[in-house]
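Close look at the chain arrangement
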Amino acid sequence: MNMFYNLVGATSGFLYTYWLVFALIFCGLYLTIRTRFIQLRFLKEAFFVLKERSNKEHITPFGALMISTASRVGIGNIVGVSVAIASGGAGALFWMWITAIIGGASAFVESTLAQVYKRKDGEHTYKGGPAYYIESALNSRALGIIFAISLIFCFAFGFNGLQSYTLTSSFEIFVGSETYNDSHLTTFVGLVLAVLVSFFFFGRGKKSATISSILVPIMAFGYLVVALCVIGLNIEKIPLIFENVLQEAFNFKAIFGGFAGSAIVIGIKRGLFSNEAGMGSAPNAAAAAHTSHPAKQGMVQTLSVFIDTLIICSASAFMVLCSNIDTSNLQGMALIQGVMQGHFGTFGLMFASIAIVLFAFTSLIGNYFYAEANFKFITENKFALQIFRICAVLMVFIGAQLDLSLAWDLADVFMGFMASINIIVILFLSNIAIKVLKDYEAQRKAGNNPVFKAENIGITNTEFWK
């Protein structure tokens, strides 16, 4: 077992230190140039697309945005960013911003492809994602299944188990470690969580979109209000904080003296793995939206990257950087809970804990949404789907009971494989996304509301856009 654990840890370390970071950056830069900075040029356009409405049974572009944001915006945005700033210094924040801007182009391409190759999943719902465009555009079902299996293990079992564990452990600070470890609190919380998520796991995708459309904006707004209050109370520190961010971001002597633990590496990692741009997860939500043109949803998904990193992650970072407490002995959730308690006393502690619970819960829903779309790619058998749903609910319960360090490493490895496949695929298929973008731009230039027909740009292997 120790040999297996060491192998998983070594594989995860190699993927994330020597390969994935550089691959994602290259992919983002290449697609940014190919799309002529689509993530910035059409930022205003994306907000207009969000206003689109369709049949009430359909998932709207806004609903799909909230599902992807629900999965992206999780505990990592609160706890992970806080730890990144504490360990990598203020300069890590700058490199998180850069990766978000670069990653917007990757998010556009993969989400546009997901829309082009989406398929019907009932009368008013759709399914799609990398597994689907791998099969349709590359004519490789085997590779699509490999991707789907990687995503299912990563999100339905690895990440959802971890989210459940982290959510449950947020109660430890209130009851004390001894009571937490010796009581049946984890069993109770696990049961409650399992019951709650079962309503969404066994429901329709529309239900997940609805709850995400309600909870995610409320959470993000509340979190930003508190962050702005912290900034307002520490306004005199802000110029110095920005100065420190820039100084530490470009302190190349310190960076290259200890590259693996430097601000640039920690910032890039935190940015990339928080917003997930190019990793192949968000396209599963993008494909579910009903829209008149695939490029519209591609633009909308760039917003999710910006919401995740430029707004939510920055809010967490500023609250840590404005804090006067000693964070050297604090780790994980205790760090952000301690920071918030330092700013607002008991209210801060309660707010941080509630935020963690809500962000983790919506992540459970978003993660499962991705996993189910990929399970349906492998098989449409309804009995098998019900068994899968039961297993996913059980994983939420089990996750609340365990320290899932092995599951975390396994999820990282599966996500590494998944992301590696998707990066290579979207680079190969980027020409299709560029054609779709040019078709959109031409129709907008003519003063029309773009409506997509695949045959107009020479695409014949799509199921929906006939």
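Each value, and the rule that gives it
Residues numbered from 1 in each chain as written. Predicted model: local features only at pLDDT ≥ 70, side-chain atom pairs only at ≥ 80, totals over all residues. Heavy atoms only, no water. Helix = DSSP H or I, 4+ residues; strand = E, 2+ residues; numbered from the N terminus. Buried < 20%, exposed > 50% of the residue type's maximum accessible area, 1.4 Å probe, protein only. Contact = heavy atoms within 4.5 Å. Areas by Shrake-Rupley, 256 points an atom, 1.4 Å probe, with all protein chains shown as cover. Phe/Tyr/Trp six-rings, centres within 6.5 Å; stacked < 30°, edge-to-face > 60°. Lys NZ or Arg CZ within 6 Å of the ring centre and 35° of its normal. Core = buried A, V, L, I, M, F, W, Y, C linked by side-chain atoms within 4.5 Å. Expected span 1.5 Å × (residues − 1). Axes fitted to C-alpha atoms, helices over the stretch in contact; angles between N-to-C directions. Parallel < 35°, antiparallel > 145°, perpendicular 65-115°, else oblique. Nonpolar A, V, L, I, M, F, W, Y, C, P; charged D, E, K, R; others polar. Polar contact = N/O pair within 3.5 Å; in protein donor to acceptor, adjacent residues only side chain to side chain. Salt bridge = Lys/Arg side-chain N within 4 Å of Asp/Glu carboxyl O. pLDDT = per-residue confidence, 0-100.

Secondary structure assignment for the protein yields 22 helices and two strands. Here the protein, with 466 residues, has 58% of them falling under the buried criterion. Sequence separation of 24 or more characterises 84% of the internal contacts of the protein that already satisfy a separation of 6 or more. As presented, the protein carries roughly 18900 Å² of accessible surface, and 67% of it is formed by carbon and sulfur atoms.

A word on the environment of S106. Mapped onto the fold, S106 is located in helix α6 (residues 91-116). In this structure the C-alpha to C-alpha distance between S106 and A277, which are 171 residues apart in sequence, comes to 5.8 Å. In this view, S106 contacts C27, G28, L31, A277, G278 and I426; residues no more than four positions away in its chain are not counted.

So, on to the packing of aromatic side chains. By the definition in use, this model includes 15 aromatic pairs. Between the aromatic rings of F153 and F157, the centroid separation amounts to 6.0 Å while the plane-to-plane angle is 50 degrees, which identifies the pairing as tilted. Placement of the pair is F153 and F157 together in helix α8 (residues 141-169), with a separation of four residues, close to one helical turn. Ring centres of F375 and F388 lie 4.5 Å apart, and the angle between their planes is 10 degrees; this geometry places the pair in the stacked category. A residue pair is termed long-range when its members are at least 10 positions apart, and F375 in helix α19 (residues 346-378) and F388 in helix α20 (residues 382-399) qualify at 13 residues. Across the pair, exposure class does not vary: F375 and F388 are buried alike. Residue placement shows K118 over the ring face of Y126; its charged tip is 4.1 Å from the ring centre.

Quick look at the nonpolar core now. If you look at the biggest cluster of nonpolar residues, it comprises 60 residues, and the most contacted ones within it are L113, Y133, F155, M299, M415 and I459. Examining the composition of this core, we find that eight residues originate from one element, helix α21 (residues 405-428), more than from any other. Aside from chain neighbours lying at most four places away, what touches Y133 is E110, L113, A114, Y117, L138, P283, N422, V425, I426 and L429. Listed in part, the 36 residues of the second largest apolar core include A249, C313, M340 and I356.

All right, on to α19 then. In this model α19 runs 49 Å from its N-terminal to its C-terminal C-alpha over 33 residues, within 8% of the 48 Å that 1.5 Å per residue would give. Counting buried positions along α19 yields 26 of 33 residues, so the element is predominantly enclosed.

The next point concerns the packing of helix α17 (residues 294-321) against helix α22 (residues 430-445). It is at 9 Å that the axes of α17 and α22 come closest, and there the two elements cross at 105 degrees. Classified by the angle between their axes, α17 and α22 sit roughly perpendicular to one another. Along the contact surface, α17 presents P294, A295, K296 and M299, while α22 presents V436, L437 and Y440. Considered class by class, the residues forming the contact of α17 with α22 number six nonpolar, no polar and one charged.

A word on the side chain of E110. Within the secondary structure, E110 sits in helix α6. Separated by 2.9 Å, the side chains of E110 and N422 make a polar contact.

To continue, consider the pattern of salt bridges. Per the stated rule, a full pass over the model turns up seven salt bridges. A salt bridge links E135 to R119, with the shortest nitrogen-to-oxygen separation between them at 2.5 Å. Here R119 lies in strand β1 (residues 119-120) and E135 lies in helix α7 (residues 130-138), a separation of 16 residues in the sequence. Overall, the relative accessible area of 18% leaves E135 in the buried class.

We now examine the environment of G399. Position of G399 among the secondary structure elements: in helix α20. Looking at G399, the relative accessible area reads 0%, which means it is buried.

Okay, the confidence of the model for the protein next. For the protein, per-residue confidence averages 78 on the pLDDT scale, and residues scoring 70 or more make up 78% of the total. Confidence, expressed as mean pLDDT per element, reaches its minimum in the protein at helix α14 (residues 252-257) with 49 and its maximum at α7 with 92. Contacts of residues 254-261 to residues separated by more than four positions or lying in other chains number 10 contacts, the stretch itself having pLDDT below 50.

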